[in-house]
Amino acid sequence: MSLIVAKFGGTSVASPERIKNVAKRLISIKQAGNEVVAVVSAMGKTTDELMGLANAVNTNPPSRELDRLLSTGEHVSMTLLALALEAQGYPAKSFSGRQAGIETNGTHNKAKIVKVHNERILEALEEGYIPVVAGFQGIDANGDITTLGRGGSDTTAVAVAWGINAEICEIYSDVDGVYTTDPRVAPRARKLEAISYDDMLELSSSGSGVLQSRAVEFAKKWGVVIHSRSAFSDAQGTLIKEEGQMEQAVITGIAHDTSEMKVTIRHVPDAVGVAALVFSALADKAVNMDMIIQNTSLDGATDISFTCPASDLPRAREALDEVMSKIGTDKYDVDEDIAKISLVGTGMKSSPGISAKTFKTLGENNINILAISTSPIRLSVVIEASETQRAVQVLHTAFELDSDSVFEETQLSAEEIAAKMKKGR
Ligand code: ADP
Ligand code: ASP
Ligand code: MG
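Residues numbered from 1 in each chain as written. Chains lettered and ligands numbered in written order. Predicted model: local features only at pLDDT ≥ 70, side-chain atom pairs only at ≥ 80, totals over all residues. Heavy atoms only, no water.

A. How the structure looks around the pattern of salt bridges. Considering all chains together, one arrives at 22 salt bridges under this definition. Among the ionic pairs, Asp154 bridges to Lys7, the shortest N-O distance being 2.7 Å. One end of the pair, Asp154, is in helix H5 (residues 153–163); the other, Lys7, is in strand S1 (residues 3–8), with 147 residues separating them in the sequence. In terms of burial, Asp154 and Lys7 fall into one category: buried. When the shortest N-O distance is used, the salt bridge between Glu387 and Arg390 registers 3.1 Å. On the basis of relative accessible area, Arg390 is assigned to the partly exposed category, the value being 35%. The network of salt bridges with common partners includes Arg266, Asp303, Lys331 and Asp333. (Salt bridge = Lys/Arg side-chain N within 4 Å of Asp/Glu carboxyl O. Helix = DSSP H or I, 4+ residues; strand = E, 2+ residues; numbered from the N terminus. Buried < 20%, exposed > 50% of the residue type's maximum accessible area, 1.4 Å probe, protein only.)

Below, the structure is given as structure tokens:
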């Protein structure tokens, strides 16, 4: 007998029919002789809709109130799933984040889990119930509701799996595992049997939406094995675990991220302390910089560019407006139509020539590079957002990641693909 945590994402619980199917799935896990705890996301696009409602009444909603509102999406799905289980003859108890003992710090909208008080979940299991936990939320030291950032139910699932010492954390979604790249963007993507925490973490933090990066971070820290698999089929998915005997590819996968923007400050005087002034002002406004590019100066002045989440734009503007006169320039441009394409692989460390091949491939395909950054296990390039799909596909082919088969469910329209790649997914 195993103790399993099974997390179902928004698509998997998008309708009453799908919720009934999730209930069936949980029952079959139990019938196979296991104990199971469910974790759910809000139904379909509920979180986006709640966000829209908040913005309709307040364009700058206070984060405490926003968290309270957003947490209700998961309250609906957890209760409906418990009801569906009961209707199929299986006792179930739903738990909000507070009731499930998910304690977080007080950083509203992107809180970190600091403790899991497991008593109520274990008690419910012992009494024969299937516990159903609301993902994405917790409670801070003041007793206020917090949320864990978009995609945060993945993190709830991993934290609960750790908190109750489950054998495995199964994350069910609308894809049957982790692919070498988003299979809806590159239909020749190949499903991975297993991937190391480090590679998965790098892919997730470079924009691959399949797992929230916090969840992978948590799993790596505490050794929780994740099985990413399909809510709609029984196919074996992808195991995310400590790197062991798994095959060491040079490039494990390619991620894309269209949620960032590029700001270029023009004609910055080439003088000591100027960069410190600019970036301190941005840091004071909590702007999360990613890449920074400074050109060489020609006539005593230079351009400085940086990328950051597009959602930080209002705060970046406040910071720049304050600092511009101090540094003696008054012009900056904002480009929101950019994409970051990242090649990831722990095997990259010992393989020269990755950058050359990447630049050559993009060049041959007429795709202009706007910025570059590297780490020992990642190479990222910024390009125009409209080139995202083509760039991912040509690089996927160039690095010999293509599968012989074509991902069957890729038949999304161009609009649907664009919507999937939309800012701040
Ligand atoms: P859920 O709502 O269940 O949490 P998500 O939408 O967050 O599911 O994650 C699943 C989606 O992740 C897939 O539909 C797929 O388009 C996207 N995705 C991005 N990168 C990858 C990848 N490397 N492998 C698999 N899916 C990916
Ligand atoms: N419902 C939240 C979101 O849409 C959390 C999640 O789905 O994981 O981001
Ligand atoms: Mg998700």
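Once you've had a look at it, read on.
B. Focus on the environment of Ala166. Relative to the helices and strands, Ala166 is located in the loop between H5 and strand S9 (168–173). Taking the C-alpha atoms as reference points, Ala166 and Ser2, separated by 164 residues in sequence, lie 7.5 Å from one another. Each residue touching Ala166, except ones within four places of it in the same chain, is listed here: Leu3, Val5 and Ala161. (Contact = heavy atoms within 4.5 Å.)

C. Inspection of the site of ligand 2 at higher detail. As a matter of local geometry, ligand 2 sits amid Ser41, Ala42, Thr47, Glu74, Phe136, Arg150, Gly151, Gly152 and Ser153. Contacts to ligand 2 include Arg150, whose side-chain N or O atom sits 2.7 Å from an oxygen atom. Measuring from an oxygen atom of ligand 2, one finds a backbone N or O atom of Gly151 at 2.9 Å. Here ligand 2, which alone exposes 260 Å², has 87% of that area covered by the protein. For the shell around ligand 2, the residue count by class is two nonpolar, five polar and two charged. (Near = heavy atom within 4 Å. Polar contact = N/O pair within 3.5 Å; in protein donor to acceptor, adjacent residues only side chain to side chain. Areas by Shrake-Rupley, 256 points an atom, 1.4 Å probe, with all protein chains shown as cover. Nonpolar A, V, L, I, M, F, W, Y, C, P; charged D, E, K, R; others polar.)

D. Spotlight on the sheet that holds strand S12 (residues 238–241). Taking strand neighbours across the sheet as the criterion, the eight strands line up as S3-S6-S2-S1-S9-S11-S12-S10 in an open arrangement whose pairing is mixed. In this open sheet, the two strands that pair with only one neighbour each are strand S3 (92–95) and strand S10 (194–196). Adjacent strand axes in the sheet meet at a mean angle of 20° when their direction is disregarded. Pairing between strand S11 (residues 226–230) and S12: three bridges, direction antiparallel. Bridge pairing in S12 links Ser228 to Thr238. The sheet strands contacting helix H6 (residues 197–205) are S10 and S12, and the helix crosses S10 at an angle near 85°. (Pairing = 2+ DSSP bridges. Axes fitted to C-alpha atoms, helices over the stretch in contact; angles between N-to-C directions.)

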